[in-house]
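So the chains spell out like this:
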Amino acid sequence: MTFNGWIQIALFCAIVIAMTRPLGGFLTSLATGGRNFLSPVLGGVERGVYTLCGVRAGDEQGWVGYATAMLIFKVMGFLLAYGVLRAQTLLPLNPDGQGAITPDLAYNTAISFLTNTNWQSYGGESTMSYATQMVALTVQNFMSAAAGIAIAMAFVRGFSRRSAKSIGNFWVDLTRVTLYALIPLCVVVTLFLVWQGVPQTLGGAVEVTTLEGAKQIIAVGPVASQEAIKMLGTNGGGFFNANSAHPFENPTALVDMVQMISIFSLGAALTNMFGRMVGSERQGWAIFAAMGLLFLAGVTVTYWAEAAGNPVLTALGVDGGMGNMEGKEVRFGIVQSALFTTVTTDASCGAVNSMIESFMPLGGMVAMVNMMLGELIFGGVGSGLYGFLLFAIVAVFVAGLMVGRTPEFLGKKIEAKEIKMTMLAILCLPLVMLGFTAIAVVVEAGTSALSASGPHGFSEALYAYVSAAANNGSAFAGVSANAPFWNTTLGIGMMIGRFFVIIPALAIAGSMAAKKAVPPSAGTFPTDGPMFVGLAIGVILIVGGLTFFPALALGPIVEHLALAAGQLF
Amino acid sequence: MITHLRPALVMIVLMTIITGLAYPLAMTGLAGALFPHQAAGSLVQRDNKVIGSSLIGQNFSGASYFHSRPSATTAPDPSDSAKTVAAPYNAANSSGSNLGPTAKALVERVKDDVVKLKLENPEGVVPVDLVTTSGSGLDPDVSPRAAMFQVPRVARARGLPEATVAALVTAHTQGRLLGLLGEPRVNVLALNLALDDIGK
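Rules used in this analysis
Per chain, residues are indexed from 1 in the order of the written sequence. For this description, chains carry letters from A and ligands carry numbers from 1, given in the order in which they are written. Where local features are concerned, this predicted model is filtered to residues with pLDDT of at least 70; where side-chain atom pairs are given and counted, the filter is 80 or more; whole-chain, interface and lining totals use all residues. Working from all heavy atoms in the structure, the side-chain values ignore hydrogens and water. Strands here mean DSSP runs of E at least two residues long; helices mean DSSP runs of H or I at least four residues long; both are numbered from the N terminus. When we talk radius of gyration, it's over C-alpha atoms, and the globule rule is simply 2.2 Å times the number of residues to the 0.38. A simple rule labels every residue: compare its accessible area, found with a 1.4 Å probe on the protein chains alone, to the largest value its type can have, and call it buried under 20%, exposed over 50%, or partly exposed in between. Throughout, a contact is declared for two residues whenever any of their heavy atoms are within 4.5 Å. Per-residue and other accessible areas were derived by the Shrake-Rupley procedure at a 1.4 Å probe size, with only the shown protein chains allowed to occlude residues. Residues counted as positive are Lys and Arg, residues counted as negative are Asp and Glu, and His and the chain ends are not counted. Here the site of a charge means NZ on Lys, CZ on Arg, CG on Asp, or CD on Glu. By buried area we mean the combined loss of accessible area, with a 1.4 Å probe, across both parts when two parts are placed together. We define a salt bridge as a contact between a side-chain nitrogen of Lys or Arg and a carboxyl oxygen of Asp or Glu at a distance within 4 Å. Residues are sorted three ways: Asp, Glu, Lys and Arg are charged, Ala, Val, Leu, Ile, Met, Phe, Trp, Tyr, Cys and Pro are nonpolar, and all the rest, Gly among them, are polar. Two strands are counted as paired when DSSP detects at least two bridges linking them. Residue ranges assigned to the domains are those given by an automatic or database domain assignment. Axis lines are fitted to C-alpha atoms, over the contacting stretch for helices. Their N-to-C directions set the angle, which ranges from 0 to 180 degrees. Classification of ring pairs uses Phe, Tyr and Trp, with its six-membered ring standing for Trp, and accepts pairs whose centres are within 6.5 Å; under 30 degrees between planes counts as stacked, over 60 as edge-to-face, and the remaining range as tilted. Placement of a charge over a ring requires the Lys NZ or Arg CZ to be within 6 Å of the ring centre, with the centre-to-atom vector within 35 degrees of the ring normal. Patches here: salt-bridge-free residues with over 30% relative accessible area, like charges joined within 9 Å, nonpolar side chains (Val, Leu, Ile, Met, Phe, Trp, Tyr) joined within 5 Å. These descriptions rest on fixed angle ranges, namely under 35 degrees for roughly parallel, over 145 for roughly antiparallel, 65 to 115 for roughly perpendicular, and the rest for oblique. For any pair of crossing helices, the crossing counts as left-handed if the nearer helix is rotated counterclockwise from the farther one by less than a right angle, and right-handed if it is rotated clockwise.

## What about the overall build of chain B?
- Broken down by element type, chain B carries six helices and eight strands.
- Listed by position from the N terminus, the elements making up chain B come as α-α-β-β-β-β-α-β-β-α-α-β-β-α.
- Relative to a compact globule of 200 residues, whose C-alpha radius of gyration would be 16 Å, chain B shows 23 Å and is clearly more extended.
- C-alpha extents for chain B along the principal axes are approximately 80 × 45 × 40 Å.
- Taking all 200 residues of chain B together, the buried fraction comes to 55%.
- Considering only intrachain contacts with a sequence separation of at least 6, the fraction spanning at least 24 residues in chain B is 53%.
- Summed over all atoms, the accessible surface of chain B reaches about 8,700 Å², with 62% contributed by carbon and sulfur.
- Charge separation in chain B, taken as the distance between the mean sites of 17 positive and 15 negative side-chain charges, equals 3 Å.

What follows is the structure, encoded as C-alpha cells:
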C-alpha cells in the first residue's frame, strides 16, 4: 500500500461526497414533480410520452397498481429483448456476422439486463451484433436503472407521506428519470469517453498487420454510448468480454476514475434525496455514513490483500513489489483495481476493470461479502436505497425490542406487516445464493462448468449465484456458464433476487404511506445519529452477513489458509 | 391490469426508439464529428498502412522488439471449433486467464516464464507484470521496470548501445496523470515504433 494509493482513494471519496447534495437535490425535484433546468428543453418530450402512452401525469397509483405497472412493463421488456436476441441474424447492423443465439442464452441475457444484473454468459465482441447491443441491451440498461430509481422514489414516498393512498405513478417516475437524469448524464459521459479513446462507430472490426507481420483483428463498435449507461445505471454489462479491463472500454486512469464515480454517483445522491423528502437531510447523511464506513472497510481489506502480492510467485524469484498483477492492467495497477472491485460489488454494478477470479483469496472474499449483504452499500441505483432502508427497519425494530416499545421510523409505527415483508425480502437472498450453490456443486451439470478445483472451484460456483441473486453481474469468470443448467438457474436467481425484494418493498411503502404520523417523544430512537449508524451496520453484518460465514469458510477462507501453507490446487 | 397494457407497450416502444436508436446513433454521429480518430479506435498508421491501435497491445516475440505482457486470449481451434487454442493479443476475443492465486496452472506458467526471462537477463529481477497476464489480454502497456528489464536483450539484438535503448524507454515512460492518477507505464507499440525509427 502506498501513499499515492491512499490519495487516489481519498480523491474518489471526496468527489462522491461533493456530488451527493447537488445530484440529490436534482433527483428530489424529479421525484416531487417540480420543474428543473431541463424542463424547457425536454418538457415537450415528456408530455408527448404521456399522451402517446395514455397516461395522465396527475393520476397516482397505490402500491398494487405501481407494482403491477412495473411488472407488466418488465414482461414487455423481456419479450422485446428476447425477440431481438433470437432474431439477431435477421437484423441489420451486424458487420462482423455474429451468429444465432441459443434460447437458453437469450433467456438468461434478457433476464440479466432486465433485472439490472448484467451477468454475461457470453463474450460481447464474439456473440452480439451492434443492433443487439443497442436495441436489446442498451435499452434495458436505461430501463432497469430508471425502474430501480422509480421504485426507490415510491418507497421514500411511503415515509414522506401521511395517511396517503398512493405512492406515485410508475410511468411518470420512469419517464422523468430517463429523460432528465439518465440521458443527459449519459450524453456528457459518452463524449468524455470518446475523447479519451473509447470507440463509437458502426463500422466492423478492423483488420491490421502488426509490426511483426501477424494479422490482428480489432473489434470496435458503438462502445461509448453503452459504456456511459453501463456505469451510471449500475448495470455493468460490458460491450467486450473483458468489460472495463478492455482498453477500448476503459483506456486511461482518468476514465477509470470517472467510471467509478459514475457507479456511485446516483446511489449516493439517492440517500440525499431520501433525506430531503423526509424533511431532514441529516437522515440521508446518516445512511450515507453507514454505507461509507462499510465501503471503507471493504476497500481497505481488498487493497491490502492485493498490494501484498502472491507469495507463491514471489517464491519463484519474481519481484512482487507491484502486488498481485495476474488479471490486472498496468495502467490501473493495484490501487485502482482494488478500488474498482470494491465499488462495483458495493453498488450492484458488476463491471470489472480486473479479473476478480485472479484476486487473492481475501480480496475476492470482500467482493463476495459486499454482494451477500444485499447490495446496499450505495448499491444499485434505487435498489441500494430501498435495500438499505429494509435493514434500517430491522435496526429500529431491534432497538424497539431492547427498550420494550413499539418501534417507529420517521414518525411511522413499524408493525407486524412491515417486519414480515422486510424479512421476506431479506431472507430470499441467502436462500437463492446458498441453495443454488449447494445444487451446483453436487450435480454433474454444475461441476463440469467449473474451471478450478478445491476451494477456489467452490468459490467460483458460490460467486456466480451470489452475483446473480444480488443482481450484481460480476463473476469468477472461469466458470463456463453458457450451458442450459447455469443459464436457467442463474436466470431464476436473478428474477427472485430482483422481484422478491421489490414487491415486498412496495408493499411496505404502501402500508407506511397509509399510516398517520406519530410525533416524536422521549422514547423515539433517533435515526440521524451515530447510534443509528452503528446499529444499522451491526444489523447488516449480523443478519445479512453471518448467514454466509460457513460458505465463506469453505471457499476463500480455506483457500487463504492453504495459500499460506503453500498448497496448490 | 388491462389498463397497464397500453402504457407498457407504448412505453417500451418509445424508450427503445429514444434510448436504443436515437441516443446511440446521435452519439455515433457526434463522436465521429468531434473525435474521429478516437471514435474509430485510435488506429496507428505507418507508411500509410494501419498497423494497430495505440490502445490495444500486440504480440511481440522477436528478440529485437520489446515484448508485451503474457496474454491469455484464445481463438477457436481451426481443426475443432468446439475447442480453443492460445492466441495471444486476439483483439476479437478479449479475456483474462481467470486463474486463481492457488492454481497449479498459474504457478507452472510463471515458473517457465521466469526461467526464459532469466536467460535473457541474468542480472535483473523479473518484474511481476512480465510474468502475469492482464485482465483483458490486450494490455498495451508494461511497467517502466518491465521495459528496462528487456533493454539488454533488445540492445544486443539490434546492435545498439544499451544506453541508447534505455534512453528511449525513459522517453516513452508516461507518469501518473497529474502525478496522481493511475500507474507509470510504457506503451509497447509506441516504444517499438520508435525503436524501428532509430537509424532511419
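## Quick word on the interface of chain B and chain A
- Facing the 100 residues of chain B at the interface are 104 residues of chain A.
- Buried area between chain B and chain A, both sides added, is near 8,200 Å², and the carbon and sulfur share of it is 69%.
- If you sort the residues of chain B by the area they bury against chain A, Tyr23, Asn98 and Thr102 of chain B come out on top, with a joint share of 9%.
- The tally of links from chain B across to chain A stands at three salt bridges.
- Across the pair Asp139 of chain B and Arg331 of chain A runs a salt bridge, and its minimum N-O distance is 3.9 Å.
- Those elements giving two or more residues to the side of chain B that touches chain A turn out to be helix 1 (2-34), helix 2 (36-39), strand 1 (43-46), strand 2 (49-53), helix 3 (104-120), strand 5 (126-127), strand 6 (141-142) and helix 6 (188-197) of chain B.
- Broken down by element, the residue count for the side of chain B that touches chain A peaks at 24 residues, all from helix 1 of chain B.
- Tallied by class, residues from the side of chain B that touches chain A come to 53 nonpolar, 33 polar and 14 charged.
- Where strand 3 (residues 318-319) of chain A meets strand 5 of chain B, two bridges bridge the pair, whose relative direction is parallel. Within strand 5 of chain B, the position partnered with Asp319 of chain A by the bridge is Pro127 of chain B.

## What to know about the domain arrangement of chain B
- Here the domain parsing of chain B yields domain 1 (2-38) and domain 2 (41-198).
- Computed from C-alpha coordinates alone, the two centres of domain 1 of chain B and domain 2 of chain B are separated by 39 Å.

## Quick notes on the sheet that holds strand 8 (residues 185-187) of chain B
Residues and elements named next belong to chain B.
- With respect to topology, three strands assemble into an open sheet ordered 6-8-7, the strand pairing being antiparallel. With one partner strand each, in any of the chains shown, strand 6 and strand 7 (173-174) form the two edges of the open sheet.
- Judged from the two bridges that link them, strand 6 and strand 8 form a sheet pairing that is antiparallel. When the sheet's bridge partners are listed, Val142 is paired in strand 8 with Val186.
- Where helix 6 meets the sheet, its contacts fall on strand 6 and strand 8, and the angle it forms with strand 8 comes to roughly 60°.

## Here's the deal with the packing of aromatic side chains
- Overall, the coordinates contain 28 aromatic pairs over all chains when judged by the stated rule.
- Taking the centre distance of 5.1 Å and the plane angle of 65° together, the rings of Trp285 of chain A and Phe288 of chain A count as edge-to-face. Of the two residues, Trp285 of chain A and Phe288 of chain A both sit in helix 10 (residues 281-307), three residues apart, roughly one turn of that helix.
- Overall, the relative accessible area of 29% leaves Trp285 of chain A in the partly exposed class.
- Measuring from ring centre to ring centre gives 5.4 Å for Phe60 of chain B and Tyr65 of chain B, while their planes differ by 50°; the resulting arrangement is tilted.
- On the basis of relative accessible area, Phe60 of chain B is assigned to the buried category, the value being 5%.
- Three or more aromatic residues link up through ring pairs in this structure, and these residues are Phe12, Phe264, Trp285, Phe288, Phe295 and Phe378 of chain A.
- The ring of Tyr65 of chain B carries Arg158 of chain B above its face, with NZ or CZ at 5.1 Å from the centroid.

## Some remarks on a nonpolar patch on the surface
- Together, Met1, Trp6, Val301 and Trp304 of chain A make up an exposed nonpolar region whose accessible area comes to about 380 Å².
- In this structure, Met1 of chain A sits in the segment before helix 1 (3-31).

## Some thoughts on the side chain of Asp141 of chain B
- Tracing the backbone shows Asp141 of chain B in strand 6.
- Exposure remark for Asp141 of chain B: the relative accessible area of 3% places this residue in the buried category.
- With residues up to four places along the chain from it excluded, the contact list for Asp141 of chain B reads Val330 and Arg331 of chain A together with Arg69, Arg185, Val186, Asn187 and Val188 of chain B.

## A few points about the packing of helix 4 (residues 103-114) of chain A against helix 18 (residues 484-514) of chain A
Residues and elements named next belong to chain A.
- Where helix 4 contacts helix 18, the axes come no closer than 9 Å and their chain directions differ by 20°. By the angle class used here, helix 4 and helix 18 are roughly parallel. Note that helix 4 runs across helix 18; the crossing there is left-handed. Contacts between helix 4 and helix 18 involve Asp104, Leu105, Tyr107, Asn108, Ile111 and Ser112 from the first element and Pro484, Trp486, Asn487, Thr488, Leu490, Gly491, Ile492, Met494 and Met495 from the second.

## Some points on the side chain of Thr16 of chain B
- Of note, Thr16 of chain B is situated in helix 1.
- On the basis of relative accessible area, Thr16 of chain B is assigned to the buried category, the value being 8%.
- With sequence-adjacent residues up to four places away left out, Thr16 of chain B is seen in contact with Leu80, Val135 and Val139 of chain A together with Leu21 of chain B.

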